[in-house]
Amino acid sequence: RHLARAEPSQIERALQLIADELVRRNQEIVEANATDLDRARKDGLGDHVVDRLVLDEKRLSIVSEGVRNVASLPSPVNQEIESRLLPNGIRLSRRRVPLGVIGVIYESRPNVTADISSLCLKSGNAVILRGGKESINSNVVMAHIIRNCLRESGLPGDAVQLIKSIDRIVVESMLKMRAHIDLLIPRGGADLVSRVAAEAT
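Residues numbered from 1 in each chain as written. Predicted model: local features only at pLDDT ≥ 70, side-chain atom pairs only at ≥ 80, totals over all residues. Heavy atoms only, no water.

As for the packing of helix α2 (residues 8–24) against helix α6 (residues 111–122)
- Viewed as axis vectors pointing N to C, α2 and α6 meet at an angle of 165°, and their least axial separation amounts to 10 Å. Overall, the two elements α2 and α6 adopt an arrangement that is roughly antiparallel. Note that α2 runs across α6; the crossing there is right-handed. Between α2, through I11, L15, I18 and L22, and α6, the contact on the second element is made entirely by A114, S118, L121 and K122.
- By residue class, the composition of the contact of α2 with α6 is six nonpolar, one polar and one charged. (Axes fitted to C-alpha atoms, helices over the stretch in contact; angles between N-to-C directions. Helix = DSSP H or I, 4+ residues; strand = E, 2+ residues; numbered from the N terminus. Parallel < 35°, antiparallel > 145°, perpendicular 65-115°, else oblique. Left-handed = near helix turned anticlockwise from the far one by under 90°. Contact = heavy atoms within 4.5 Å. Nonpolar A, V, L, I, M, F, W, Y, C, P; charged D, E, K, R; others polar.)

Written out as structure tokens, the structure is:
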């Protein structure tokens, strides 16, 4: 609710700060990412999977630019889509409003943490993130940076939450959290999408 009522300029400032901090603290993210990469190689993951996990200075610059692009978009919140005057003189209009809490289950790409967070924040939605175990260390550091930036901007840090557990039972719980999650988005392979479609309530 706090996010839904926030001024678009406040959300934009928070996103610009996130973009700045992802670049300024890139070494911290790269170090956490190195731990993920070491584990991925020890687990025998293929080169194409390992490449998707990589967050170096160049890739973080691209991630940061993506956040800036989202920040520069017009706010969709309260945007009027349609309006008409009824015969009794009452004006009826449809407006875009935030959905509430969005749950996102995604796999190995750690850049998704920043991508999804920025899109949810821009649209006035809180988000619960559950990334893949392969990128857990990178995700934890990025989510921590994002949450700090929100607090620094006068917004609730808990508007972005990352589930740190890599236990698969957490996904089962998310799929049933109808009272807490308004929309659930699977971002990954066909198996993940099929599972969410089959089991989500």
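Focus: the sheet that holds strand β6 (residues 183–187)
- In spatial order, the strands read β5-β4-β3-β6; together these four strands make up an open sheet with parallel pairing. Edge strands, defined here as strands with exactly one partner in the open sheet, are β5 (160–162) and β6. Each strand axis lies, on average, 20° off the axis of its neighbour in the sheet, ignoring direction.
- Where strand β3 (residues 101–106) lies against β6, five bridges are found, and the strand directions are parallel. Following the sheet pairing, Y106 is matched in β6 by R187.
- Set on the sheet, helix α7 (residues 136–152) makes contact with β3 and β5; between it and β5 the angle comes to about 160°.
- Across the face of the sheet, helix α9 (residues 190–199) comes into contact with β3 and β6 while running at roughly 160° to β6. (Pairing = 2+ DSSP bridges.)

Quick word on the pattern of salt bridges
- Per the counting criterion, the structure on display carries nine salt bridges.
- For D20, the salt bridge identified is with R68, shortest N-O distance 2.7 Å. Here D20, found in helix α2, pairs with R68, found in helix α5 (residues 57–72); they are 48 residues apart in sequence, far enough to count as distant.
- Relative accessible area serves as the criterion here: at 37%, D20 is assigned to the partly exposed category.
- Residue classification places R68 among the partly exposed residues on the basis of a relative accessible area of 25%.
- Close ionic contact of E82 with R94 constitutes a salt bridge, the shortest N to O distance being 3.1 Å. Of this pair, E82 sits in strand β1 (residues 80–85) while R94 sits in strand β2 (residues 91–95), and the two are twelve residues apart along the sequence.
- The structure contains a network of salt bridges with shared partners spanning E172, R195 and E199. (Salt bridge = Lys/Arg side-chain N within 4 Å of Asp/Glu carboxyl O. Buried < 20%, exposed > 50% of the residue type's maximum accessible area, 1.4 Å probe, protein only.)

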